[in-house]
2 protein chains.
Amino acid sequence: MFATHGGAGVIERDNLSEEQDAAIRAALSHALGTGSAVLAEGGTSIDAVEATIRELEDDPHFNAGRGAVFTYEGNIEHDASIMDGATRAAGAVTGTTTVRHPVSLARRVMENSPHVFLRGLGAEQFATEQGVARVENSWFETDFRRRALEEMRAREAEGQSAYDVDLKYGTVGAVALDTHGNVAAATSTGGLTGKRWGRIGDSPIIGAGTYADNRGCAVSATGAGEYFIRVGVAHEICAQIRMAAQEVSVSDPAAIPSDADIQQIANGVINEMAALGGSGGVIVTTPWGHTVYSFDTVADSSTKELRSP
Amino acid sequence: MFATHGGAGVIERDNLSEEQDAAIRAALSHALGTGSAVLAEGGTSIDAVEATIRELEDDPHFNAGRGAVFTYEGNIEHDASIMDGATRAAGAVTGTTTVRHPVSLARRVMENSPHVFLRGLGAEQFATEQGVARVENSWFETDFRRRALEEMRAREAEGQSAYDVDLKYGTVGAVALDTHGNVAAATSTGGLTGKRWGRIGDSPIIGAGTYADNRGCAVSATGAGEYFIRVGVAHEICAQIRMAAQEVSVSDPAAIPSDADIQQIANGVINEMAALGGSGGVIVTTPWGHTVYSFDTVADSSTKELRSP
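All values reported here derive from a predicted model rather than from experimental measurement. (Residues numbered from 1 in each chain as written. Chains lettered and ligands numbered in written order. Predicted model: local features only at pLDDT ≥ 70, side-chain atom pairs only at ≥ 80, totals over all residues. Heavy atoms only, no water.)

K.L.:
What's the story with the overall build of chain A in this structure? I'm lost.
P.N.:
Across its full length, chain A carries nine helices and 12 strands. Scored against the burial criterion, the 309 residues of chain A give a buried share of 64%. Partitioning the intrachain contacts of chain A with sequence separation of at least 6 by distance along the chain shows that 71% fall at a separation of at least 24. For chain A, the exposed surface amounts to about 10400 Å²; the carbon and sulfur share of it is 48%. (Helix = DSSP H or I, 4+ residues; strand = E, 2+ residues; numbered from the N terminus. Buried < 20%, exposed > 50% of the residue type's maximum accessible area, 1.4 Å probe, protein only. Contact = heavy atoms within 4.5 Å. Areas by Shrake-Rupley, 256 points an atom, 1.4 Å probe, with all protein chains shown as cover.)

K.L.:
Would you mind going over the sheet that holds strand E10 (residues 280-285) of chain A with me for this structure?
P.N.:
Where strands meet in a sheet, backbone hydrogen bonds hold them as pairs that are either parallel or antiparallel. Residues and elements named next belong to chain A. Judged by pairing direction, the sheet is antiparallel, and its four strands sit side by side in the order E8-E9-E10-E11 without closing on themselves. Both outer strands of the open sheet, strand E8 (210-213) and strand E11 (291-295), are each paired with one neighbouring strand and no more. Strand-to-strand twist across the sheet, computed as the mean angle between neighbouring axes with direction ignored, equals 10°. With five bridges joining them, E10 and E11 adopt antiparallel strand pairing. Among the inter-strand pairings, Ile-283 is bridged to a residue of E11, identified as Tyr-293. Taken strand by strand, helix H7 (residues 233-248) contacts E8, strand E9 (217-223) and E10, and its axis lies near 150° from that of E9. The sheet strands contacting helix H8 (residues 259-275) are E10 and E11, and the helix crosses E11 at an angle near 20°. (Pairing = 2+ DSSP bridges. Axes fitted to C-alpha atoms, helices over the stretch in contact; angles between N-to-C directions.)

K.L.:
Would you take a moment to explain the relation of the copies chain B and chain A for this structure?
P.N.:
At an RMSD of 0.0 Å, chain B and chain A line up after a rotation of 180° and a shift of 0.0 Å along the axis. What the rotation and shift describe, once combined, is the action of a two-fold rotation axis. No C-alpha of chain B lies nearer the rotation axis than that of B:Gly207, which sits 3.5 Å from it. A symmetric contact is evident, with 100% of the interface residues of chain B recurring at the interface of chain A. (Least-squares fit on C-alpha atoms with pLDDT ≥ 70 in both.)

K.L.:
I keep staring at the nonpolar core and nothing clicks. Help me out?
P.N.:
As a rule of thumb, soluble globular proteins bury nonpolar side chains together. In terms of nonpolar packing, the biggest core is built from 78 residues, with A:Ile237, A:Val284, B:Ile237 and B:Val284 touching the most fellow members. Once you skip the residues sitting within four places of it in the chain, A:Ile237 turns out to touch A:Cys217, A:Val219, A:Ile265, A:Ala266, A:Val269, A:Val282 and A:Val284. (Core = buried A, V, L, I, M, F, W, Y, C linked by side-chain atoms within 4.5 Å.)

K.L.:
Could you clarify how one ought to interpret the interface of chain B and chain A in this entry?
P.N.:
The extent of an interface is frequently quoted as the accessible surface area lost upon association of the parts. Listed by partner, the interface residues are 45 residues for chain B and 45 residues for chain A. For the pair chain B and chain A, the summed buried area comes to about 3900 Å², and 57% of that belongs to carbon and sulfur atoms. Considering only the surface of chain B that becomes buried against chain A, B:Arg119, B:Trp197 and B:Arg230 emerge as the three largest contributors, covering 24% of it. The tally of links between chain B and chain A comes to eight salt bridges. Here A:Glu272 and B:Arg88 are joined by a salt bridge, their closest N and O atoms 2.4 Å apart. Our enumeration of links across chain B and chain A arrives at 31 residue pairs in polar contact (both at pLDDT 80 or more). Elements with a contribution of two residues or more to the side of chain B that touches chain A: strand E3 (89-96), strand E4 (117-119), helix H4 (120-130), helix H6 (225-231) and helix H7 (233-248) of chain B. Tallying contributions element by element places H7(B) first for the side of chain B that touches chain A, with six residues. For the side of chain B that touches chain A, the class distribution of residues is 21 nonpolar, 11 polar and 13 charged. In this sheet, E4(B) lies alongside strand E7 (residues 199-200) of chain A in antiparallel orientation, the contact comprising two bridges. (Buried area = accessible area lost by both parts, 1.4 Å probe. Salt bridge = Lys/Arg side-chain N within 4 Å of Asp/Glu carboxyl O. Polar contact = N/O pair within 3.5 Å; in protein donor to acceptor, adjacent residues only side chain to side chain. Nonpolar A, V, L, I, M, F, W, Y, C, P; charged D, E, K, R; others polar.)

K.L.:
Where do I start with the sheet that holds strand E10 (residues 291-295) of chain B in this structure?
P.N.:
Residues and elements named next belong to chain B. Strand order in the open sheet formed by four strands is E7-E8-E9-E10, with antiparallel pairing between adjacent strands. Each edge of the sheet is formed by a strand with only one pairing partner; in this case those strands are strand E7 (210-213) and E10. Sheet twist, expressed as the mean angle between neighbouring strand axes with direction ignored, is 10°. In terms of strand pairing, E7 meets strand E8 (residues 217-223) through four bridges, oriented antiparallel. Following the sheet pairing, Tyr-211 is matched in E8 by Val-219. Against the sheet, H7 contacts E7, E8 and strand E9 (280-285), and its axis sits at roughly 150° relative to E8. In this fold helix H8 (residues 259-275) packs onto E9 and E10, with an angle of close to 20° to the strand it touches most, E10.

K.L.:
What exactly am I supposed to notice about the pattern of salt bridges here?
P.N.:
For side chains of opposite charge, pairing can occur when their charged atoms come near one another. In the structure shown here, the tally under the stated rule is 26 salt bridges over all chains. For B:Asp47, the salt bridge goes to B:Arg107, with nearest N and O atoms at 2.6 Å. Here B:Arg107 lies in helix H3 (residues 102-112) and B:Asp47 lies in helix H2 (residues 45-58), a separation of 60 residues in the sequence. Residue B:Arg107 is classed as buried on the basis of its relative accessible area of 13%. When salt bridges with common partners are traced through the structure, they connect A:Asp47, A:Glu50, A:Arg107 and A:Glu111 into a single cluster.

K.L.:
Would you explain the pairing of strand E1 (residues 2-5) of chain B in this entry?
P.N.:
Residues in a regular strand project their side chains so that they alternate between the two faces of the sheet. All names here are of chain B. Here E1 shows two buried faces, one formed by Phe-2 and Thr-4 and the other by Ala-3 and His-5. Direction of pairing for E1 relative to strand E5 (residues 172-177): antiparallel, over a ladder of four bridges. Its bridge partner being in E5, Thr-4 is matched across the sheet by Ala-174.

K.L.:
In this structure, what is going on with the confidence of the model for chain A? I would like to understand it.
P.N.:
Close reading of the predicted structure is inappropriate where its pLDDT is low. Residues and elements named next belong to chain A. When the pLDDT values of chain A are averaged, the result is 90; 90% of them are 70 or greater. Taken as a whole, residues 299-305 scores under 50 in pLDDT and shows 26 contacts with residues more than four places along the chain or in a different chain. With pTM at 0.93, the complex prediction returns an ipTM value of 0.93. (pLDDT = per-residue confidence, 0-100.)

K.L.:
Even after reading the chapter, I still don't get the packing of H7(B) against H8(B), so can you show me in this structure?
P.N.:
Helix-helix packing is characterised by the crossing angle of the two axes and by the distance between the axes. Residues and elements named next belong to chain B. Running from N to C, H7 and H8 point in directions that differ by 150°, and their axes come no closer than 10 Å. Crossing geometry of H7 relative to H8 is assigned as right-handed. Every residue of H8 that contacts H7 at Val-233, Glu-236, Ile-237, Gln-240, Ile-241 and Ala-244 is listed here: Ile-262, Ile-265, Ala-266, Val-269, Ile-270 and Met-273. A per-class count over the contact of H7 with H8 returns 10 nonpolar, one polar and one charged. (Left-handed = near helix turned anticlockwise from the far one by under 90°.)

K.L.:
When you look at the side chain of B:Glu77 in this model, what are you seeing that I'm missing?
P.N.:
Locating B:Glu77 in the fold gives a position in the loop between H2 and strand E2 (78-84). Residue class for B:Glu77 comes out buried when judged on its relative accessible area of 17%. Here the side chain of B:Glu77 touches A:Arg119 through a polar contact of 2.9 Å, side chain to side chain. In contact with B:Glu77, other than residues within four places in its own chain, are A:Arg119, B:Thr71, B:Gly95, B:Thr96, B:Thr97, B:Thr189, B:Gly190 and B:Lys195.

As structure tokens, then:
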């Protein structure tokens, strides 16, 4: 069971040429196949989500790795996180600038450091000690995202809200359930176009943009990160599913929540986030085989979410 | 209703001279009075927690502001967060080095930026734009914490676990309920002695070390941050209390959870964190007037927690 998303907001079809649209569909579909193949060979959910995110980080169509958005100062700074539902081990990084695969550095933090979350130059130093693949910051640049920064600055110069409307998202995420019954989640992003002051969004925050717990589910989120942090979207969904699973198992220990239960929980938390003023969505997979998504933005499932059994 | 804590771990009485012990009790008691006075005058819970934390940040006895621990490289880097339960607005900073009151910068992030969480040099730049009080990094230094770094390095040189045993904590936190019925929480820390690679702990993470929601409670945590992040301690406690309150109100809309219910929820989540291998605790206050604390470490309530009606 595997699902991946390519973000919310940027990938509204009106903003895409047919060519772009086809390329994004193909890229998400290929990355879905990569993760699914790991699972089909008996691999772990954590390996599957990492493999899929690595592929999307290299693809310039997404706001992660190569193709990530520019900061206000014209740099590219990445955020990523990963979590293993079997152990609730987690790793995350924010503000890396030369790490080709931020999701893999997050996994190194999880496995090879006593910490969960590293930032900036310290995370870069850890990357050097771990020997992960590095590139120049310019390797991540795309003309498309450069124009988005220029447009953002133009809006700001005209006194409009700088973080308005589209071209903001494109965060990538994946959730998986493996044949061992373990779930995992990972998320990777460049954040918001024109972000400044070292802004950290929800993607690298365990509990906000990413969470995994075998007692509940695995979640990866995308959207207006500040609202996802305030609601604790990923953790809230996992907690509610965990409690729902406990509740239905009281009379019959083998009983599990229904698809409708899981969908209702995900929709409820997304609605709560939207009620605060945010937008975006999540993909969710449970240890019992449910996979659902819930987005409050324009629902074009072909570009936003893909799943495989 | 107001409660404050001065951390877990460092303040075990065996490690303290009588003089230190008395000074810490007096400082916590004075800071408690500061927050309580804000509330008594009809002030807001967010003002009360900020005022208390500012005072403790200036006090060299605590691992926050002046008196914070040293990083592995011998610098001092602060983390802080604040959250308003009425609106679930939140602000947080990590890795600031010249901001005298990190909790107040976190509040500026909450009120004067579109973001929730800022890091490092970007947060410092935001501090400049906001005109908050600044000091040299050396102003935060204390001999006590310098020795702790040397001891940590000595342990490491002997092949022992670098982050072992005491002298680690001393994080400060506060939770409040004001006369308007709103709860708020704030937490401030220097993190772990000898932290490296830009490590971010739970204190600045909304949902891990700090959370506030008028439908549930306000929480401030202290302890082995990595475990608090993985469990989502502050958010989990608030979610469980929110659901317990919904449940008891089904038959009688005016019914509220009992003190025992709130204590059981806090203890349950702290036990879950400890079961993963962590240690530490929380202070909790609810909109219905409950105030509880739950620590899995040596319970010396006089130095770890103080409350006022």
